[in-house]
Amino acid sequence: MSIDLSQFHQVFFEESFEGLQVMESSLLDLDCENVDSETINSIFRAAHSIKGSSSTFGFTDVAEFTHVLETLLDQVREGSRQLQPDHVDLLLQSVDCLRGMLTALQAGAALDTEQSKILIQAFNDILDGRQPVAPGGEQALSNETPSSPPVAASQCQEEEITWHIQFVPDVNLLRTGNEPLRMFRELAEMGELEVSVNLDRIPDLAGLNPEECHLSWDLYLSTGRSRSEIEEIFEWVMDESDITITATAGLFTNIATPQAEEHELIAEPDVMGAAEAEVQNTVKPADKQAVTKPAQQNPAAKSSESTSIRVSIEKIDSLVNLVGELVITQSMLGQLGNEFDMEKLQKLQEGLAQLEHNTRELQESVMRIRMLPISFTFSRFPRMVRDLSKQLGKKIDLKLVGEQTELDKTVMEKIGDPLVHLVRNALDHGLESPAERRAAGKKETGTITLNAFHQGGNIMIEIIDDGKGLNREKILNKARTNGVIGESEVLSDEQIQELIFQPGFSTAEQVTDVSGRGVGMDVVRRNILELNGSIEVRSVEGEGSTFTIRLPLTLAILDGQLIDVGSQTFIVPLVSIVESLQPDMKLINHVAGGCDVFRLRDEYIPIIKLWEVFGVEPRSKDLADSLLVVVEAGNAKVAVVVDDLLGQQQVVIKSMETNYKKVDGISGATILGDGTVSLILDITDLIYMAGEHQQSKNGLKLISNKTRAA
Amino acid sequence: MTKILAVDDSASMRQMVSFTLQGAGYEVVEACDGQDAFDKAKRGGVDLVLSDVNMPVMDGIALIKNLRTLPDYKFTPILMLTTESAADKKSEGKAAGATGWIVKPFNPDQLLNTIKKVLG
């Protein structure tokens, strides 16, 4: 029977990554002075599981590595070794290294074992410091099993021996589920077996406990097999039972005997004459394969690199429930349709209302399946903050709030990097050094809070630090030097804070290893905009900053405002609408370059005529007869000219790229209730299009998104 | 049909074991830790228990001890899946009433051979 083990690899990788996650977070919780036994146990278990599975699935490098890790953890767990901070560091490095190895294996890439070898050496150094590691440990992992103990030279002789086996089992033998008959059957398979039972030990009937075994046996076995093979049969009962095996007679034979088996891996199958030997050997090649195969198996693993998601049974149950209700509604409506007359109109309306209700619940329920708690993303931060605070010499307390808040898996994957960037920034630029904090009369330990919560149909993520806050003057100076704003310009605090999202804007005096990676806040904002989200900052000098990210719960559904241009209906994402208004013609100016601008309070906003952009015949080309919808994206605003504003509704986004091709200014399409297709405006794109031939006041470059569109 | 209770906290190991056993014609009940296994074992009908040792909630040793207190499981074969390095676990398991052990890593054929032996 041959089973393709690679089919279990995906699950193995997933659970191993989870295990590493557990190890990492538990390691961060560990206090070397006072080791919590449950914490160290969970770390040990995770390492142990990874070792067990990785060796089973043939990932020997991973197994070897986890073995030394496990040995150290085991000693700590048993209390024979005091945990040192160095150990924790080393273990954390190992977690990283293992993650890298598993990622490489999963991707089917070649494994670089250089780092793991260094780490293994480090572990061995620690372990050797007190007690030498049993060298058998690593070897055992390669593929030897205890059922093939070392073969003594004398037992390799080609002879048939008659062994006398005296077997006096422990009275509790049966209570461990062991069955002497099974052993005898196995012995009988090895050669000629004679069994005689000994009834001497049987007590009086009164004292007889039928659950105990009082029998003992004398066995004579003639076989070519070695003593160790016989011992193997009694392996599980050897310790308690009285077993003596003595060679009573031997016959030299010239037949090729099955002990060729002992040569396991080097034996060529054709050398073995006895069919029996071949049967015995079927295990071994498979064994060898499991060890050496990963290199060939990897390409297969690569192609099956599908992502999966774990869903709690409650979510599935609620879905099943809802489908049940939908079926009931459907049958009700079906029946109504069969014998419909106008008297039943109200019933029909009720039924349709119920259908709508079912549909909405079902939709929400299905969406919830894709939702994961944000702790998946948050969980990486304790480690990051620990490492960075060490590196920067700052004392930082990280608080995670609302970890159970759920978010669409795709959104979650894409928000990871921007969040990392923001947390790095908060650590590096936001929080002061302990000395600075003392001088400012603050606690030495700074706090960074990550807070996630739901608000309306959105998820909000706040990154709050109690550091020095944004420096108004520094930002202004920088903006003036860069020519982003004019020398004499007066900006509100809000406008100043918005400046940090401009491209190429960094107020850090020196570029550090931590956040000076050439990626600015503009990139963060752009990534968030691409998710149909937004980011803002509030900051009080000396007290700290709060970055607030707002994201849609899902990328598949959008809250849209329907607008009419001529005969076409477009959809504007509701999140990007600032306001809609009837234009006052006095506030509209024509500027050179053919673009109109509209003055909204203190801002000049370029006007985009959708009918021009999309080549639609409008109801009126006169701005006075039209409506303006002011939309915002990436710190820039434009006013879109529309004929009419219709309702707001949730729309399901269909990709243009997969169904047609990318169209400038359009992010997707949807189907409206009456069956017509409606295009969803891409505000970022539209603003970029407006900026192509237009710069707003202040010399502020409108085309902050130029890079994006490229 | 012979029913085997497979206990392991690692999903991939559970899958592998189940798949192997089912392929060989056994009925398999999976459990993800000792407590889960104990609860499932109490429903009865299990002919053999195959249990990992290191598990959260209730470990394999405790599971074996607990199972042996149930009249139905007095003589049921219980095999523990251990790693080579955990030699002391073997004796602990034996003291708790385990029938035998299988060392990780094992491959499907090794697993089936050992099970066949025990079930006779």
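Treat the numbers as computed from the prediction; the structure is a model and nothing was measured.

Rules used throughout
Residues numbered from 1 in each chain as written. Chains lettered and ligands numbered in written order. Predicted model: local features only at pLDDT ≥ 70, side-chain atom pairs only at ≥ 80, totals over all residues. Heavy atoms only, no water. Helix = DSSP H or I, 4+ residues; strand = E, 2+ residues; numbered from the N terminus. Buried < 20%, exposed > 50% of the residue type's maximum accessible area, 1.4 Å probe, protein only. Contact = heavy atoms within 4.5 Å. Areas by Shrake-Rupley, 256 points an atom, 1.4 Å probe, with all protein chains shown as cover. Phe/Tyr/Trp six-rings, centres within 6.5 Å; stacked < 30°, edge-to-face > 60°. Lys NZ or Arg CZ within 6 Å of the ring centre and 35° of its normal. Buried area = accessible area lost by both parts, 1.4 Å probe. Salt bridge = Lys/Arg side-chain N within 4 Å of Asp/Glu carboxyl O. Polar contact = N/O pair within 3.5 Å; in protein donor to acceptor, adjacent residues only side chain to side chain. Nonpolar A, V, L, I, M, F, W, Y, C, P; charged D, E, K, R; others polar. Pairing = 2+ DSSP bridges. Axes fitted to C-alpha atoms, helices over the stretch in contact; angles between N-to-C directions. Core = buried A, V, L, I, M, F, W, Y, C linked by side-chain atoms within 4.5 Å. pLDDT = per-residue confidence, 0-100. Expected span 1.5 Å × (residues − 1). Patch = residues over 30% accessible without salt bridge, like charges linked within 9 Å, V, L, I, M, F, W, Y side chains within 5 Å. Parallel < 35°, antiparallel > 145°, perpendicular 65-115°, else oblique. Left-handed = near helix turned anticlockwise from the far one by under 90°.

## Concerning the overall build of chain A
Consideration 1: A tally of helices and strands in chain A yields 24 helices and 22 strands.
Consideration 2: Across the 710 residues of chain A, 47% fall into the buried class.
Consideration 3: Of the contacts formed within chain A by residues at least 6 apart in sequence, a portion of 70% connects residues at least 24 apart.
Consideration 4: Entry remark: accessible area of chain A is about 35300 Å², with carbon and sulfur atoms responsible for 50%.

## Some details on the overall build of chain B
Consideration 1: Each helix and strand counted, chain B has 5 helices and 5 strands in total.
Consideration 2: Starting at the N terminus and ending at the C terminus, chain B contains elements arranged as β-α-β-α-β-α-β-α-β-α.
Consideration 3: Counting the 120 residues in chain B, one finds 64% classified as buried.
Consideration 4: A separation threshold of at least 6 residues defines the contact pool for chain B, and within that pool the share at least 24 residues apart is 62%.

## Comments concerning the packing of aromatic side chains
Residues and elements named next belong to chain A.
Consideration 1: Taken as a whole and assessed by the stated rule, the structure comprises 15 aromatic pairs over all chains.
Consideration 2: In this structure, arginine 77 is placed above the aromatic ring of phenylalanine 44, and the distance from its NZ or CZ to the ring centre is 3.8 Å.
Consideration 3: When the ring centre of phenylalanine 501 is taken as reference, the NZ or CZ atom of arginine 525 above it lies at 4.2 Å.

## Structural notes on unusual backbone geometry
Consideration 1: The phi angle at Arg601(A) is positive, at roughly 50°, despite the residue not being glycine.
Consideration 2: One non-glycine residue with positive phi stands out, namely Val57(B), at about 65°.
Consideration 3: Relative to the helices and strands, Val57(B) resides in the loop between strand E3 (48-52) and helix H3 (60-68).
Consideration 4: Here Val57(B) falls in the exposed class, since its relative accessible area comes to 73%.

## What to know about the interface of chain A and chain B
Note on interface size: it is often stated as the accessible area lost on association of the parts.
Consideration 1: Taken together, the contact between chain A and chain B spans 44 residues of the former and 44 residues of the latter.
Consideration 2: Carbon and sulfur atoms supply 60% of the area buried between chain A and chain B, which totals about 3800 Å² over both sides.
Consideration 3: Lys74(B) is paired through a salt bridge with Glu211(A); the nearest N and O atoms lie 2.8 Å apart.
Consideration 4: Viewed at the interface, chain B and chain A are joined by 12 residue pairs in polar contact (both at pLDDT 80 or more).
Consideration 5: Contributions of two or more residues to the side of chain A that touches chain B are made by helix H1 (9-29), helix H2 (37-56), helix H3 (60-78), helix H6 (136-142), helix H7 (180-190) and helix H10 (283-292) of chain A.
Consideration 6: Tallied by class, residues from the side of chain A that touches chain B come to 17 nonpolar, 12 polar and 15 charged.

## Some words on the sheet that holds strand E8 (residues 446-455) of chain A
Residue and element names in this part refer to chain A.
Consideration 1: Ordered by their spatial adjacency, 5 strands build an open sheet running E6-E8-E9-E11-E10, and the pairing between neighbours is mixed. Whereas interior strands pair on both sides, the edge strands pair on one side only; in this sheet they are strand E6 (396-401) and strand E10 (534-540). Across the sheet, the mean angle separating the axes of adjacent strands is 15° when strand polarity is ignored.
Consideration 2: Bridge count for E8 against strand E9 (residues 458-465) is 8 bridges, and the pairing is antiparallel. What sits directly across from glutamine 455, in E9, is asparagine 458.

## A word on the nonpolar core
One recurring pattern in soluble globular proteins is that nonpolar side chains are buried together.
Consideration 1: Among the nonpolar cores identified, the biggest contains 83 residues, and Met23(A), Phe65(A), Leu69(A), Leu21(B), Leu50(B), Leu67(B) and Ile115(B) are the most heavily contacted of them.
Consideration 2: Apart from the residues within four sequence positions on either side, Leu67(B) is in contact with Phe38(B), Ala41(B), Val49(B), Tyr73(B) and Ile78(B).
Consideration 3: If you look at the next biggest cluster of nonpolar residues, it comprises 46 residues, including Phe381(A), Leu431(A), Ile459(A) and Ile475(A).

## Notes on the sheet that holds strand E4 (residues 78-83) of chain B
Residue and element names in this part refer to chain B.
Consideration 1: Across the sheet, 5 strands lie side by side as E2-E1-E3-E4-E5; this open sheet has parallel pairing. Two strands lie at the open edges of the sheet, namely strand E2 (27-31) and strand E5 (100-104), each paired on one side alone. Across the sheet, the mean angle separating the axes of adjacent strands is 20° when strand polarity is ignored.
Consideration 2: Sheet analysis places strand E1 (residues 3-7) next to E3, joined by 4 bridges and oriented parallel. Note that in E3 the partner of valine 7 across the bridge is serine 51.
Consideration 3: Against the sheet, helix H5 (residues 108-119) contacts E1, E3, E4 and E5, and its axis sits at roughly 140° relative to E3.

## Some words on the confidence of the model for chain A
Residue and element names in this part refer to chain A.
Consideration 1: In this model, chain A carries a mean pLDDT of 78, and residues with pLDDT of at least 70 account for 81%.
Consideration 2: For chain A, the element scoring lowest by mean pLDDT is helix H24 (residues 706-709), at 36; strand E13 (residues 568-573) scores highest, at 92.
Consideration 3: In the predicted structure, residues 509-513 sits below a pLDDT of 50 and forms 4 contacts with residues beyond four places in sequence or in another chain.
Consideration 4: Counted against residues more than four places away or in other chains, residues 693-710, with its pLDDT under 50, gives 41 contacts.

## Some thoughts on the pattern of salt bridges
Consideration 1: All chains considered together, the criterion is met by 39 salt bridges over all chains.
Consideration 2: In this structure, Glu186(A) and Lys117(B) form a salt bridge, with 3.4 Å as the shortest nitrogen-oxygen distance. Remark: Lys117(B) occurs in helix H5 and Glu186(A) occurs in helix H7; the pair is interchain, linking two chains.
Consideration 3: Here Glu444(A) makes a salt bridge to Lys395(A), at a shortest N to O gap of 2.9 Å. Placement of Glu444(A) in the loop between helix H17 (434-439) and E8 and of Lys395(A) in the loop between helix H15 (381-392) and E6 is noted, with a sequence separation of 49 residues between them.
Consideration 4: Residue classification places Glu444(A) among the partly exposed residues on the basis of a relative accessible area of 26%.

## Focus on H5(B)
Consideration 1: Taking 1.5 Å of rise per residue, the 12 residues of H5(B) would be expected to cover 16 Å, and the 16 Å separating its terminal C-alpha atoms lies within 8% of that figure.
Consideration 2: For H5(B), the set of buried residues is Pro108(B), Asp109(B), Gln110(B), Leu111(B), Leu112(B), Thr114(B), Ile115(B) and Val118(B).

## Quick notes on helix H13 (residues 345-369) of chain A
Residue and element names in this part refer to chain A.
Consideration 1: Given a rise of 1.5 Å per residue, 25 residues ought to cover 36 Å, and the 36 Å separating the end C-alpha atoms of H13 matches this to within 8%.
Consideration 2: Those residues of H13 not exposed but buried are Gly351, Asn358, Leu362, Ser365, Met367 and Ile369.
Consideration 3: Of the surrounding secondary structure, the elements contacted by the buried residues of H13 are helix H12 (313-338), strand E5 (371-373) and strand E12 (557-565).

## Quick look at a nonpolar patch on the surface
Residue and element names in this part refer to chain A.
Consideration 1: Taken together, the side chains of Val197, Leu199, Ile202, Leu205 and Leu208 make up a nonpolar region of the molecular surface, amounting to roughly 470 Å² of accessible area.
Consideration 2: Among the structural elements, leucine 208 can be located in the loop between strand E2 (192-198) and strand E3 (216-223).
Consideration 3: The partly exposed category is assigned to leucine 208, whose relative accessible area is 33%.

## Here we look at the packing of H1(A) against helix H4 (residues 85-106) of chain A
Residue and element names in this part refer to chain A.
Consideration 1: Running from N to C, H1 and H4 cross one another at 165°; their axes reach a closest spacing of 10 Å. With respect to H4, the axis of H1 lies roughly antiparallel. In the crossing of H1 with H4, the sense of the turn from one axis to the other is left-handed. The segment H1 lies against H4, with Gln10, Phe12, Phe13, Ser16, Phe17, Leu20, Gln21, Met23, Glu24, Leu27 and Leu28 engaging Val88, Leu91, Leu92, Val95, Asp96, Leu98, Arg99, Leu102, Thr103, Leu105 and Gln106.
Consideration 2: Among the residues making up the contact of H1 with H4, the classes are represented as 14 nonpolar, 5 polar and 3 charged.

## Thoughts on the packing of H12(A) against H13(A)
All names here are of chain A.
Consideration 1: At their nearest, the axes of H12 and H13 sit 9 Å apart, and the two run at 160° to each other. Classed by the angle they form, the pair H12 and H13 counts as roughly antiparallel. Note that H12 runs across H13; the crossing there is left-handed.
Consideration 2: For the contact of H12 with H13, a count of residues per class yields 13 nonpolar, 6 polar and 5 charged.

## Observations concerning the confidence of the model for chain B
Residue and element names in this part refer to chain B.
Consideration 1: Confidence in the prediction of chain B, expressed as mean pLDDT, is 87, and 96% of residues score 70 or more.
Consideration 2: Per-element averaging of pLDDT across chain B places helix H4 (residues 87-96) at the bottom with 80 and E1 at the top with 94.
Consideration 3: Among the prediction metrics, the complex's ipTM stands at 0.77, with pTM recorded as 0.55.

## Re the side chain of Thr223(A)
All names here are of chain A.
Consideration 1: Along the polypeptide, threonine 223 turns up in strand E3.
Consideration 2: A distance of 2.9 Å separates a polar atom in the side chain of threonine 223 from the backbone oxygen of methionine 190.
Consideration 3: In this structure the side chain of threonine 223 is engaged in a polar contact, spanning 3.0 Å, whose partner is the backbone nitrogen of arginine 225.

## A word on the environment of Val11(A)
Consideration 1: Within the secondary structure, Val11(A) sits in helix H1.
Consideration 2: By relative accessible area, Val11(A) is classed as buried at 16%.
Consideration 3: Distance in space between the C-alpha atoms of Val11(A) and Ser308(A) is 9.4 Å, their sequence separation being 297 residues.
Consideration 4: For Val11(A), the residues in contact, after removing those within four places along its chain, are Ala11(B), Ser12(B) and Gln15(B).

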